[in-house]
Amino acid sequence: MATARRLRLRSILIAALFGPLPAIAGPLSKPAGSDQGAVVGDQAARADMLSVLGDVSALATKTRLNADYVPGILSVLNGDELVALGVRTVWEALELVPGVQIDRNRNGGLRVAIRGFQHSNGNVKLLLNSVAMNNAFAGYSNILYIPIEQVERIEVIRGPGSAVHGEFAFAGVINVLTRQNENRAYVEAGSGETYGTGAVLSAQSPDGDWRLNLNASGWSRQGTEITAGPDRLYTLGLSERSQAPGRINNAENYRLAVFALDYRQLSLLAQYSRSQGGTFFGPLDVLPESNTGADASLAEQSLVQLRHSFDPTPTLSAELKLSWSEYIGNWAVDVLPSGVAYPLGSRNVYPDGVFIEDYVRIGRQEAELDLNWHGWSGHRWQLSLSAAEARIDEAWWAFNGDAETLEPLPSVRRYSGDQNYLDEGARRSIHSIAVQDQFHLTEPLAVTAGLRYDNYSDVGENLSPRLGAVWTLSDKHLVKAQYAEAFFPPTLYQVYGNSESRVRDSFTLDPETVSTTELGYIFRHGTRVARATLYHSRVRDLIVLENNRYQNRGRVRLQGFEAEWEQRLSPAWKLTANLSYSDTLDEETGDALTGAADWLGNLSLLYRPRPDILLSGHWRAVGDRHRSADDPRRGRLPGYQDLSLTLNWFDFGTPGLTLRAGVDNLLGQQIKSPAAAYTYAEDYLRLDERTWWIQLSYQWR
């Protein structure tokens with residue numbers, strides 16, 4: 001019994017370390033075509049950055065359609081407009097999407113909530129250049145740190161996407177598409193000793209047979225001066241041992257490289273990303289002793305994909321994709337300061353503090369075949385077949401204590417085998433089949449019906465249906481509706497990292513599931529577009545950590561509305577605004593979901609007084625966040641108003657050179673993320689001062 005208890009304590013401690021890190025282009029009723037004149041016109045409109053564009057995406061159906069005409073609710077963020085608004089990274093851009101809320105956890109990891117649901121780190125499918133990047137170990141990815149200078153556009157599905165994208169497409173799907181077919185370079189600096197640089201390079205043969213694109217960037221930040229308030233030790237009566245109040249180490253850095261080579265119908269894609277971070281608020285909600293540098297956590301992802309497109313018959317097209325990917329995670333943290341006992345409340349006092357390091361390397365291979373058939377008049381059928389395997393190639397942990405007795409040791413000892421926090425060599429195979437039909441019941445009524453089946457070797461099987469309809473009432477008015485289901489499979493850590501619930505002869509964890517009904521209305525006329533969405537979701541079989549083990553428990557209801565307005569007010573002015581309301585309910589406790597904000601809003605203005613100057617302002621409003629029912633802090637976590645201003649000066653001294661400068665948090669608001677009850681009484685402070693940045697970029701042919 002004592003050994004099992006120690007294993008459970010070690011699992012909880014390791015778990016604490018894994019915190020995650022449009023001028024209108026043709027009639028709306030038509031799918032996207034390949035007319036070169038339309039492409040040139042669209043590029044010109046984007047260069048203007050004040051046009052109201054009808055964006056094109058293949059994210060929701062794997063067929064290129066006007067974004068307003070896909071089933072489900074899809075937002076498309078244009079990279080040039082994001083840069084003009086002063087957005088620095090992908091995660092900052094996502095806050096412009098209705099119903100999307102970004103927070104940080106105790107380790108500084110990013111948490112994406114869509115429509116108030118922020119249950120786990122992997123409940124959103126993350127794609128880079130339409131390739132899935134969620135790692136099988138814990139379900140998240142570091143692509144949210146990509147600088148916007150590298151981004152062509154971001155596509156966001158709000159709501160279930162498993163019928164097309166399979167696992168992790170639970171609360172939504174985010175696809176980041178990097179820039180191609182251009183040449184640019186930039187350097188930047190900002191508050192908190194922030195420095196960054198990057199380039200986009202491209203080349204192609206005169207006959208267009210081959211095309212090469214390369215994206216490379218990096219940034220580092222020592223961090224702004226943020227002081228943490230009383231930590232968890234205060235609630236345990238150990239304030240004299242606490243380092244709080246004290247400055248947190250919020251240093252971070254990021255590297256990205258993307259290589260893409262297209263030769264006729266053959267394509268090679270290679271992607272690499274690496275993120276590192278400081279200790280932030282500590283994995284046990286105990287402020288670590290004073291330290292600097294982004295060396296507490298590392299997440300590294302590599303991927304290579306080979307694609308071949310071919311047409312077996314005039315009515316049948318196909319694409320074969322072979323992928324290899326690897327994820328490496330490493331955490332090395334002083335989790336408790338000197339003189340504190342571990343476990344907390346025991347007599348095992350660690351005179352030099354408690355140090356934990358862990359390492360994991362996960363490999364994955366996948367083969368996928370996509371078939372598109374339009375031989376049946378009025379129908380477009382799709383069939384996708386895939387097989388994948390994920391495996392734990394290497395895992396170990398180190399601790400300055402005895403893994404059996406938990407007594408302190410004079411040096412750090414590495415553990416593996418039977419004393420490991422993870423089953424070394426564990427494997428998971430996945431076999432999937434998805435079918436979809438797009439057809440018109442009548443000329444103005446388009447229907448999409450789809451069904452996906454996924455079979456996991458260790459956690460069972462799942463069916464994900466979808467039925468959507470788009471009704472074109474006129475050139476100005478459109479209504480669409482969708483019912484869809486999605487699932488979130490237990491991660492490798494949730495299955496193989498808990499000694500009490502390892503898979504043997506039966507499945508101990510079921511996937512989380514969600515069913516969502518959506519109704520949307522779109523009005524588009526001239527330089528104005530308005531969108532309104534109503535949604536209702538039911539979440540079942542939540543995976544929670546309870547009594548020192550992962551298990552399924554509880555149900556959640558989500559409902560609300562989202563409203564958007566975009567308009568070119570005059571030749572020199574453009575306005576974009578959205579407002580969202582989310583009503584969340586934990587049906588087991590009768591309370592709203594912890595950390596959810598009922599109200600979110602955005603307002604952006606772009607003003608071009610002359611051809612070479614563009615000024616922009618953005619206002620972000622986040623409402624009060626809910627706390628848990630057992631939280632002794634009265635009232636909700638107060639919301640905040642974040643105002644930013646940006647100057648864009650094009651052809652600065654020479655053609656192609658652009659100067660940009662901006663100020664964020666102009667009002668000097670305290671921007672916080674919610675901390676759990678009995679941890680940091682004053683929550684996780686992210687920013688409490690104005691910050692500035694400046695950038696020079698150069699673009700050439």
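As a reminder, the structure under discussion sits directly above these lines.
Residues numbered from 1 in each chain as written. Predicted model: local features only at pLDDT ≥ 70, side-chain atom pairs only at ≥ 80, totals over all residues. Heavy atoms only, no water.

(A) Structural context of the overall build of the chain. Helix and strand counts for the chain stand at seven helices and 40 strands. Counting every position in the chain, which comprises 701 residues, the buried fraction comes to 56%. When the accessible area of the chain is evaluated, it comes to approximately 28,200 Å², of which 55% is carbon and sulfur surface. (Helix = DSSP H or I, 4+ residues; strand = E, 2+ residues; numbered from the N terminus. Buried < 20%, exposed > 50% of the residue type's maximum accessible area, 1.4 Å probe, protein only. Areas by Shrake-Rupley, 256 points an atom, 1.4 Å probe, with all protein chains shown as cover.)

(B) Spotlight on the pattern of salt bridges. In this structure the tally under the stated criterion is 46 salt bridges. In this structure, Glu-518 and Arg-115 form a salt bridge, with 2.8 Å as the shortest nitrogen-oxygen distance. Taken together, the residues Glu-518 in strand E28 (residues 512-525) and Arg-115 in the loop between strand E5 (110-114) and strand E6 (124-128) connect sequence positions 403 residues apart. Owing to a relative accessible area of 4%, Arg-115 belongs among the buried residues under this scheme. (Salt bridge = Lys/Arg side-chain N within 4 Å of Asp/Glu carboxyl O.)

(C) Highlighting the pairing of strand E12 (residues 210-221). By the bridge criterion, 11 bridges tie strand E11 (residues 194-204) to E12 in an arrangement that is antiparallel. When the bridges of E12 are listed, Leu-201 appears paired with Leu-214. Joining the antiparallel neighbours E11 and E12 is a turn of five residues, in which Gly-208 adopts a positive phi near 75°. In this structure, E12 lies alongside strand E15 (residues 252-263), joined through 12 bridges in antiparallel fashion. Bridging from a neighbouring strand, Asn-213 pairs with Ala-260 of E15. (Pairing = 2+ DSSP bridges.)

(D) How the structure looks around the sheet that holds strand E7 (residues 131-132). Strand order in the open sheet made by the five strands is E3-E8-E9-E6-E7, with mixed pairing throughout. A strand with exactly one partner marks an edge of an open sheet, and here the two such strands are strand E3 (73-78) and E7. Alignment of E6 against E7, held across two bridges, turns out to be antiparallel. Bridge pairing links Leu-127 to Ala-132 in E7.

(E) Expanded view of the side chain of Thr-194. Here Thr-194 lies in strand E11. A distance of 2.6 Å separates the side chain of Thr-194 from the backbone oxygen of Ser-191, its partner in a polar contact. Not counting residues up to four positions away in its chain, the partners in contact with Thr-194 are Glu-188, Ala-189, Ser-220 and Arg-221. (Polar contact = N/O pair within 3.5 Å; in protein donor to acceptor, adjacent residues only side chain to side chain. Contact = heavy atoms within 4.5 Å.)

(F) Structural context of the nonpolar core. One finds Phe-137, Ile-154 and Val-360 to be the most contacted residues of the largest nonpolar core, which totals 100 residues. The next biggest cluster of nonpolar side chains, apart from the first, holds 11 residues, and it includes Ile-226, Ala-228, Ile-248 and Phe-280. (Core = buried A, V, L, I, M, F, W, Y, C linked by side-chain atoms within 4.5 Å.)

(G) Just the packing of aromatic side chains, in detail. For the structure on display, the rule yields 25 aromatic pairs. Between the aromatic rings of Phe-137 and Tyr-327, the centroid separation amounts to 6.5 Å while the plane-to-plane angle is 20°, which identifies the pairing as stacked. Of the two residues, Phe-137 sits in the loop between E7 and strand E8 (151-158) while Tyr-327 sits in strand E18 (residues 316-336), which places them 190 residues apart along the sequence. Neither residue differs from the other here; Phe-137 and Tyr-327 are each classed as buried. (Phe/Tyr/Trp six-rings, centres within 6.5 Å; stacked < 30°, edge-to-face > 60°.)

(H) Representation of unusual backbone geometry. Across the junction of Ala-244 and Pro-245, the peptide omega takes the value -5°, indicating a cis bond. Structurally, the position occupied by Pro-245 is in the loop between helix H6 (232-235) and strand E14 (246-247). With an omega of -5°, the peptide bond between Tyr-342 and Pro-343 qualifies as cis. Secondary-structure assignment places Pro-343 in the loop between strand E19 (340-341) and strand E20 (349-350). At Ser-130, a residue that is not glycine, the phi angle is positive and equals roughly 65°. Take Ser-130: it is sitting in the loop between E6 and E7. Looking at Ser-130, the relative accessible area reads 46%, which means it is partly exposed.

(I) Representation of the pairing of strand E23 (residues 408-415). In the sheet, strand E22 (residues 379-401) pairs with E23 via four bridges, with the strands oriented antiparallel. When the sheet's bridge partners are listed, Phe-399 is paired in E23 with Arg-413.

(J) View of the environment of Glu-300. Of note, Glu-300 is situated in strand E17 (residues 297-313). Between the C-alpha atoms of Glu-300 and Gln-276, which are 24 residues apart in sequence, the distance is 8.8 Å. Ignoring any residue separated from it by four or fewer positions in sequence, one finds Glu-300 in contact with Asn-142, Tyr-272, Ser-273, Arg-274, Glu-326, Tyr-327 and Ile-328. Separated by 2.6 Å, the side chains of Glu-300 and Tyr-272 make a polar contact.

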